[in-house]
Amino acid sequence: MTGAGQVRPDVSTRTTLAKAAHENFPVAPFYLPRAWRDDLMAVYGYARLVDDIGDGDLAPGGDDARFLGVDPEYADDPLALLDAFEADLMRVFEGTPQHPLLRALQPTVRRRSLTPGPFLGLIEANRQDQLVRRYETHDDLVAYCELSANPVGRLVLAITGTATPERLRRSDAICTALQIVEHLQDVAEDLRRDRIYLPAQDLKRFHVTEEDLARPTANASVRSLIAFEAARARALLDDGAPLIGSVHGRLRLLLAGFAGGGHAALDAVAAARFDVLAGPPKAGRAAMAGSAVRVLRGARRAG
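Residues numbered from 1 in each chain as written. Predicted model: local features only at pLDDT ≥ 70, side-chain atom pairs only at ≥ 80, totals over all residues. Heavy atoms only, no water.

Examining the overall build of the chain
Next, step 1: Secondary structure summary: the chain contains 16 helices and zero strands in total.
Next, step 2: Overall, the chain is about 55 × 50 × 30 Å in size when its C-alpha atoms are taken along their principal axes.
Next, step 3: Within the chain, the fraction of its 303 residues that count as buried is 49%.
Next, step 4: Roughly 13,900 Å² of accessible area belongs to the chain as shown, and the carbon and sulfur atoms make up 54% of that amount.
Next, step 5: Of the charged side chains in the chain, 37 are positive and 40 negative, and the gap between their average positions amounts to 10 Å. (Helix = DSSP H or I, 4+ residues; strand = E, 2+ residues; numbered from the N terminus. Buried < 20%, exposed > 50% of the residue type's maximum accessible area, 1.4 Å probe, protein only. Areas by Shrake-Rupley, 256 points an atom, 1.4 Å probe, with all protein chains shown as cover. Lys, Arg positive; Asp, Glu negative; His and termini not counted. Charge placed at Lys NZ, Arg CZ, Asp CG, Glu CD.)

Structural notes on the nonpolar core
Next, step 1: Counting 76 residues, the largest nonpolar core has Tyr46, Phe85, Leu198 and Leu213 as its most contacted members.
Next, step 2: Among residues more than four places away in sequence, those in contact with tyrosine 46 are Phe85, Leu89, Leu102, Leu105, Phe119, Leu120, Leu122 and Ile123. (Core = buried A, V, L, I, M, F, W, Y, C linked by side-chain atoms within 4.5 Å. Contact = heavy atoms within 4.5 Å.)

Observations concerning the pattern of salt bridges
Next, step 1: On inspection of all chains with the given rule, the structure shows 26 salt bridges.
Next, step 2: Linking arginine 134 and aspartate 194 is a salt bridge whose minimum nitrogen-to-oxygen distance equals 2.9 Å. With arginine 134 in the loop between helix 6 (116–131) and helix 7 (138–148) and aspartate 194 in the loop between helix 10 (187–192) and helix 11 (200–205), the pair connects residues that are 60 residues apart, well separated along the chain.
Next, step 3: Take aspartate 194: its relative accessible area is 39%, and that puts it in the partly exposed class.
Next, step 4: Here arginine 193 ties to glutamate 189 by a salt bridge, and the two come within 2.8 Å at their closest N and O atoms.
Next, step 5: Residues joined in a network through salt bridges with shared partners are Asp83, Glu86, Glu124 and Arg127. (Salt bridge = Lys/Arg side-chain N within 4 Å of Asp/Glu carboxyl O.)

Take a look at the structure:
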């Protein structure tokens with residue numbers, strides 16, 4: 001232990017938390033109150049680890065499986081790991097969890113009176129990833145995002161004590177947009193995992209085949225499809241924008257950073273002329289900061 005309520009980070013935990021630097025948005029920036037930063041990083045660590053389990057991206061060495069009590073024979077089985085992780089999650093609410101990231105989450109859960117629902121949603125999304133590889137419609141994809149992304153925004157509002165029905169709706173729009181943006185950036189990587197998060201109806205509409213998505217660069221049809229999906233994501237960010245003007249102070253800065261990161265990522269996709277197959281288009285820190293400033297200005301004008 002490093003202090004009251006703190007857990008000394010192990011290699012697996014450090015590896016997981018270090019990924020915060022590579023997200024499309026700031027996870028727990030320096031200007032937030034220390035208590036918020038600690039709680040946001042605890043939630044981020046949870047969400048990141050769940051995704052890493054689902055994607056098979058855990059730190060080498062098998063520490064996570066050992067923490068969760070998973071037999072070495074099943075240490076590479078995402079469904080077995082997710083089942084064990086869910087059981088350990090419930091110990092956060094009733095008992096003492098085994099995994100260090102869940103032990104670090106427990107003080108946040110107690111301090112903020114968080115409920116299991118959002119955390120279970122993230123696990124269920126990753127279970128779905130093991131079983132569902134294609135999505136027929138945009139509505140099907142949005143339903144997946146309700147599990148894979150929206151719980152994170154809801155937890156942010158719960159941690160900051162600002163949740164209302166309207167803010168939750170706007171937050172869901174932003175989080176769904178951020179998830180779709182990530183899918184657009186990672187089309188090639190997802191396909192290597194035999195996953196396609198572009199709706200099948202849209203593939204047919206733009207005459208795009210799975211073979212087209214497997215090429216090293218995007219043809220005109222793929223670019224048109226990605227441009228269409230990017231416009232959808234941008235519209236969702238715009239739908240969620242009133243959330244930012246509805247809060248004040250440092251929380252407004254944080255939420256503007258989330259939305260600004262999404263806009264900056266979409267700008268990067270557009271700058272690549274919607275060729276996401278040659279490599280995931282990423283926005284730099286300066287671009288994300290500039291986009292966040294524009295979001296803030298828009299929120300002030302709307303207010």
